[in-house]
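Descriptive analysis of the structure
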Amino acid sequence: MPDAQPYAAGPATQYKMRPSRVLRTIAAGGVARVLKLNTSDAKVAEIFAQAQPDALWLCQEHTTASLEAIEHQIRAAKASDVDTLVRVARGSYSDYVRPLEADATGLIVPHVMGAADARAVRDMTKFMPLGRRAIDGGNNDAMYTRVGMLDYIAAANTERFVLHQIEDPEALDEIEAMAEIEGVDGLFFGPGDYSMRLGIPGQIQDPQIVKVRERVAEVARRHGKIAATVAGKANVKDYVSMGYNLLNIGADVIALASYADDALSAFDEIGR
């Protein structure tokens, strides 16, 4: 009898994709805790993962990180059973699927501008019957052909997720339609760029921004989607009360800069 799952190197039940820690946390009613990395060093990812967040946020939108560097960071996180979320560059289809094939647990897609854009992202990142993603199966995520094809398709659609960033007023106008789309897994409010678009750069607690933050959370949760945003230690409780169930707090560059400044301040009293 021909193998119904041609990518399987053994029985179909023997090999499985790694399940998502973030999705497990959220399904249990918890809040997924995320740390961000602007550096592309796998050792920094390893140090952060050992702190046991639910995920590390890696970035290819605003950094020079190569896909190879991202792959090493993903591997370092997985050693501590920590998910990775890759914020992709808005480019070709391959810019979306390659991080997933390197076994990133989720994608953060910046500046999704409306329902049509969200559907296009869905189609590139979800396998049938949700989308039109092409299949390979010979990479990290499918354990280099060991995961059976049907198991791979099912797990990639259920144990991997895509967060659509709401960073522009145009997206807010269509947020209900975006949240209704099957295969849009979550909405991620980006207050920094939203404040830029409103002409109030950096004023992320301005009443206009607060109103949008509240709306994104409300719409996402009402439609059964992940509600994600960035937070500081002082407002974690407020954002959770608002409905957010995935929060990024802190970043490696903030930690490194603060440490360096604080360490050198020991010399302030003696001068140079």
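Throughout this description, residue numbers start from 1 for each chain and increase along the sequence as written. pLDDT decides what is reported in this predicted model: residues at 70 or higher carry local features, side-chain atom pairs at 80 or more are listed and counted, and totals for whole chains, interfaces and linings draw on all residues regardless. Based on all heavy atoms of the structure, the side-chain values leave hydrogens and waters out of the count.

Okay, the pattern of salt bridges next. Salt bridges, as used here, are contacts in which a Lys or Arg side-chain nitrogen is within 4 Å of a carboxyl oxygen on Asp or Glu. Applying the stated criterion across every chain yields a total of 18 salt bridges. Between R122 and D123 there is a salt bridge, and its shortest N-O distance comes to 2.8 Å. We classify D123 as partly exposed; its relative accessible area is 24%. Taking the shortest distance from any N to any O, the salt bridge between E176 and R222 comes out at 2.5 Å. Of this pair, E176 sits in helix α8 (residues 175–179) while R222 sits in helix α10 (residues 207–222), and the two are 46 residues apart along the sequence. Each member of the salt-bridge network shares a partner with another, and the members are R18, R24, D81 and D83. Buried means the residue's accessible area, taken with a 1.4 Å probe over protein chains only, is under 20% of the maximum for its type, while exposed means over 50%, and partly exposed covers the values in between. The numbering of helices and of strands both runs from the N terminus, where a helix is a DSSP run of H or I of at least 4 residues and a strand a run of E of at least 2.

Here we take up helix α5 (residues 115–125). Along α5, the residues that are buried comprise A115, D117, A118, V121, R122 and T125. Down the axis, α5 shows its buried residues gathered within 160° of arc, on one side only. Here the arc refers to the set of directions running from the helix axis out to each C-beta atom.

Here R160 lies in the loop between α6 (149–158) and β5 (161–166). Sequence separation between R160 and T105 is 55 residues, and the spatial gap between their C-alpha atoms is 5.1 Å. In this description, contact between two residues means that some pair of their heavy atoms is separated by no more than 4.5 Å. Setting aside residues no more than four positions away along its own chain, R160 makes contact with M17, R18, P19, S20, L23, D103, A104, T105, K126, A155 and D185. In the analysis that follows, any N or O atom pair within 3.5 Å is treated as a polar contact, provided that within protein one partner can donate a hydrogen and the other can accept it, and provided that, for residues neighboring in sequence, both atoms belong to side chains. For R160, the side chain forms a polar contact with the main-chain oxygen of R18, separated by 2.8 Å.

Before going further, it helps to spend a moment on the pairing of strand β1 (residues 32–36). β1 sits mainly inside the fold: four of its five residues count as buried. Examined bridge by bridge, β1 and strand β8 (residues 246–251) share four bridges and lie parallel to one another. Each residue of the ladder has a partner; that of V34, found in β8, is N248. Pairing between two strands is assigned when DSSP locates at least 2 bridges connecting them. Here three bridges tie β1 to strand β2 (residues 55–59), and the two strands are oriented parallel to one another. Within β2, the residue paired with V34 across the bridge is A55. Note on handedness: a crossover is taken as right-handed if, strands pointing away from the viewer, the path from the first strand over the helix to the second is clockwise. Handedness of the crossover is the feature at issue here: the chain leaves β1, passes through helix α2 (residues 42–50), returns alongside β2, and the resulting connection is right-handed.

The next subject is the sheet that holds strand β4 (residues 106–109). With parallel pairing, the eight strands of this closed barrel are ordered in space as β1-β2-β3-β4-β5-β6-β7-β8. Between one strand and the next, the sheet's axes are offset by a mean angle of 25°, whatever the strand orientation. When β5 meets strand β6 (residues 186–189), the two strands line up parallel, connected through four bridges. The residue of β6 that forms the bridge with I166 is F189. For helices, the fitted line uses only the C-alpha atoms of the stretch in contact; every axis is such a line through C-alpha atoms, and the angle between N-to-C directions lies from 0 to 180 degrees. Across the sheet, α2 lies against β1, β2 and β8, angled at about 155° from β2, the strand it touches most. Of the strands in this sheet, β5, β6 and β7 (226–231) are in contact with α10, which crosses β6 at around 170°.

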